[in-house]
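Observations on the model geometry
One letter stands for each residue in the lines below.
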Amino acid sequence: MPFQRRSWAEPFKIKVVEPLTMTTREEREKHITEAGYNTFLLKSKDVYIDLLTDSGTNAMSDNQWAGMMMGDEAYAGSVNYYHLEEKVQEFYGYKFLVPTHQGRGAEHIISKILIKPGDYVPGNMYFTTTRLHQELNGGKFVDIIIDEAHDSQNLHPFKGNVDLQKLENLITKVGGKKIAYVTIGATVNMAGGQPISMENLRQVRALTSKHGIKVVLDATRAMENAYFIKRREKGYENKSIKEILLEICSYSDAATMSGKKDLLVNIGGFLALNDNDVFEEARNMVVVYEGLHTYGGLAGRDMEAMARGIVEACQVDHLQARIGQIEYVGNRLIELGIPIVRPIGGHAIFLDAKQFYPHLEQLKFPAQTLAAELYLDSGIRSMERGIVSAGRNKETGDHYYPKLELVRLTFPRRVYTQAHCDVTVESVYEVFQNRNNVRGLKMVYEPKYLRFFQARFDKL
Ligand SMILES: *Cc1c(COP(=O)(O)O)cnc(C)c1O
């Protein structure tokens, strides 16, 4: 393919560095015990390589930092708001912009506007904050992703696809009027950063239009999705990421966005829409929950960094290095026989904890255990994406038992080097060698909402 270079080498060089802390095994024993075996409760100063999340952990460019100095901190009508609006319109194609402090701010507003109690909100797998906002507004989430997405070894190139039959069955069962909207994630975080194809997006649009159902895109990693479409889908090889992104967005009515992922910033998000009435309502509501409609909880400088981030993040060189780095780590782990979700996703490597620890039943929290073991071995911080993240069923009170029990090694954009990648692979391998000595965990404290952030555990 014409855009591919021989290597995924970074299209930048390093100008500023941030020292890392190394700890001893003894110190790490103490830290992880104090953190209740929850990597979210570790202090970052005690972490060596931080693969907890790619959210807000990106390195900004000199151009973005220069933009920070151009912050117009006027309460109303900031120059940076208009710059951001222009870039959102140019790259994502929506008419209207409502900035929010981060992605969940946008999810909150759109859920409140579009969901009536008792409505259904189908989606291609859930995302934690997205589903919670839907539920808090009386909606019922229904998973309509293809079955392949729940199988960590299935090599389907677009495991983020919607199963159109599942969607159609739901429409037949409850009627189009009871469906608030369809949420489309691109790429699908909880499935392992797996993309959705353009063909599938087009089909979802056709089916929902027939029934007058809206589509809301979770555009958080839509640029990474666009890169996969360019690489994997026929007819898109020679299109630019920008053209592909515009087409992705054209099949939806609105988008919620966490700028902390694709857009190479540390904070920020937005809601983008086409419908004038919904926009009017969102613009009223943002004043109550986030800030005036021209800043939405962000400083002017944050909006400027995000506007510049849109342009940088949409470059194919950037995405090739970004996703190339993940593929480098993934391929090395596969060579070592370590079970990971395949195909390798866009923002993270997902270790398959069920296969890693086949002797641990799901209620012994194998993924939570693996994340703790990895920290103990090397100070690398990862996160659980399994039964703890899945939470409880509101009606029955029982845990959800997700098929996928994963540990996510998430790579911040433009932050770590290939040598850091190698250290990570070596540490996972070490933990794999010692897998039979591990007994699992029990939960000793459970918060009511998004329990994975603050739950505490003890060793069994
Ligand atoms: C991070 C994320 C969100 C929520 O965004 P925040 O900026 O963390 O509030 C929503 N959807 C997906 C897919 C995400 O990864």
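The rules behind each value
- Residues numbered from 1 in each chain as written.
- Predicted model: local features only at pLDDT ≥ 70, side-chain atom pairs only at ≥ 80, totals over all residues.
- Heavy atoms only, no water.
- Axes fitted to C-alpha atoms, helices over the stretch in contact; angles between N-to-C directions.
- Helix = DSSP H or I, 4+ residues; strand = E, 2+ residues; numbered from the N terminus.
- Parallel < 35°, antiparallel > 145°, perpendicular 65-115°, else oblique.
- Left-handed = near helix turned anticlockwise from the far one by under 90°.
- Contact = heavy atoms within 4.5 Å.
- Nonpolar A, V, L, I, M, F, W, Y, C, P; charged D, E, K, R; others polar.
- Polar contact = N/O pair within 3.5 Å; in protein donor to acceptor, adjacent residues only side chain to side chain.
- Core = buried A, V, L, I, M, F, W, Y, C linked by side-chain atoms within 4.5 Å.
- Buried < 20%, exposed > 50% of the residue type's maximum accessible area, 1.4 Å probe, protein only.
- Domains from an automatic or database assignment.
- Buried area = accessible area lost by both parts, 1.4 Å probe.
- Salt bridge = Lys/Arg side-chain N within 4 Å of Asp/Glu carboxyl O.
- Near = heavy atom within 4 Å.
- Areas by Shrake-Rupley, 256 points an atom, 1.4 Å probe, with all protein chains shown as cover.
- Expected span 1.5 Å × (residues − 1).
- Pairing = 2+ DSSP bridges.

1. Topic: the packing of helix 6 (residues 164-174) against helix 7 (residues 198-210)
Two elements in contact, helix 6 and helix 7, have axes whose closest approach is 11 Å; the angle formed by their N-to-C orientations is 15°. Relative to helix 7, the element helix 6 is oriented roughly parallel. Judged by the sense of rotation from one axis to the other, the crossing of helix 6 with helix 7 is right-handed. For the pair helix 6 and helix 7, the contacting residues are L164, L167, E168 and I171 in the first and N200, Q203, V204, L207 and T208 in the second. When grouped by side-chain class, the residues that make up the contact of helix 6 with helix 7 number 5 nonpolar, 3 polar and 1 charged.

2. Details of the side chain of S78
When you line up the elements, S78 lands in the loop between helix 2 (62-68) and helix 3 (79-92). From its side chain, S78 meets the backbone oxygen of D72 in a polar contact 2.9 Å long. If sequence neighbours within four positions are ignored, S78 has contacts with D72, T294, G300 and M303.

3. Some remarks on the nonpolar core
Among the nonpolar cores identified, the biggest contains 63 residues, and Y92, I184, L217, M223, L263 and F270 are the most heavily contacted of them. Sequence-distant contacts of F270, defined by excluding residues within four places in its chain, comprise V88, Y92, L97, V98, P99, T100, A106, A255, T256, M257, L263 and M306. Core analysis: the second largest hydrophobic core is formed by 30 residues, L333, F356, L374 and F411 among them.

4. Brief notes about the domain arrangement of the protein
The domain boundaries assigned to the protein delineate domain 1 (25-54 + 316-459) and domain 2 (62-313). Taking only C-alpha atoms into account, the centre of domain 1 sits 26 Å from that of domain 2. For the pair domain 1 and domain 2, the summed buried surface comes to about 3000 Å²; carbon and sulfur atoms form 55% of the total. Viewed at the interface, domain 2 and domain 1 are joined by 5 salt bridges. One salt bridge connects D54 with R221, and the closest N-O pair in it is separated by 2.8 Å. Run the count over domain 1 and domain 2 and you get 16 residue pairs in polar contact (both at pLDDT 80 or more). Contributing elements (two or more residues each) for the side of domain 1 that touches domain 2: helix 12 (316-335), strand 8 (348-352), helix 15 (387-390) and strand 10 (406-410). The greatest single-element share of the side of domain 1 that touches domain 2, amounting to 7 residues, is contributed by helix 12.

5. Some words on the site of the ligand
Within the structure, the ligand sits among 13 residues, and R104, D218, R221, S258 and K261 are positioned closest to it. Within the side chain of R221, an N or O atom sits 2.9 Å from an oxygen atom of the ligand. Interatomic distance of 2.6 Å between a side-chain N/O atom of S258 and an oxygen atom of the ligand. Considered on its own, the ligand offers 370 Å² of accessible surface; in the complex 94% of this is hidden by protein. With 3 residues, the top contributor of residues to the shell around the ligand is helix 4 (residues 103-114).

6. Describing helix 7
Taking 1.5 Å as the rise per residue, helix 7 with 13 residues should run 18 Å; its terminal C-alpha atoms sit 19 Å apart, in good agreement. Burial in helix 7 covers these residues: M198, N200, L201, V204, L207 and T208. Against helix 6, strand 4 (182-185), strand 5 (215-218), helix 8 (222-232) and helix 9 (241-250) lie the buried residues of helix 7. One or two steps after helix 7, the chain reaches G212, where phi turns positive at roughly 65°.

7. Some remarks on helix 9
Taken together, the buried positions of helix 9 are occupied by I241, I244, L245, E247, I248 and C249. Against the buried residues of helix 9 lie helix 3, helix 7, strand 5, helix 8 and helix 12.

8. Some thoughts on the environment of V47
As for its position among the elements, V47 is in the loop between helix 1 (25-34) and helix 2. The spatial distance from the C-alpha of V47 to the C-alpha of S378 is 8.9 Å, given a sequence separation of 331 residues.

9. Focus on the packing of helix 7 against helix 9
Viewed as axis vectors pointing N to C, helix 7 and helix 9 meet at an angle of 25°, and their least axial separation amounts to 9 Å. By the angle class used here, helix 7 and helix 9 are roughly parallel. Here the hand of the crossing between helix 7 and helix 9 comes out left-handed. Contacts from M198, L201, R202 and R205 in helix 7 reach I244, E247, I248 and S250 in helix 9. Looking at the contact of helix 7 with helix 9 residue by residue, the class counts come to 4 nonpolar, 1 polar and 3 charged.

10. Things to note about the sheet that holds strand 10
The antiparallel open sheet is built from 3 strands, whose spatial order is 8-10-9. Only two strands of the sheet have a single neighbouring strand rather than two, namely strand 8 and strand 9 (383-385). Ignoring strand direction, the axes of neighbouring strands in this sheet form an average angle of 35°. Bridge count for strand 9 against strand 10 is 3 bridges, and the pairing is antiparallel. Counted as the bridge partner of R385 is L406 from strand 10.

11. Describing the side chain of D119
Within the secondary structure layout, D119 lies in the loop between helix 4 and strand 2 (120-123). Note on D119: relative accessible area 2%, which makes it buried. Polar contacts involving the side chain of D119 include one to the main-chain amide nitrogen of K116, which spans 2.8 Å.

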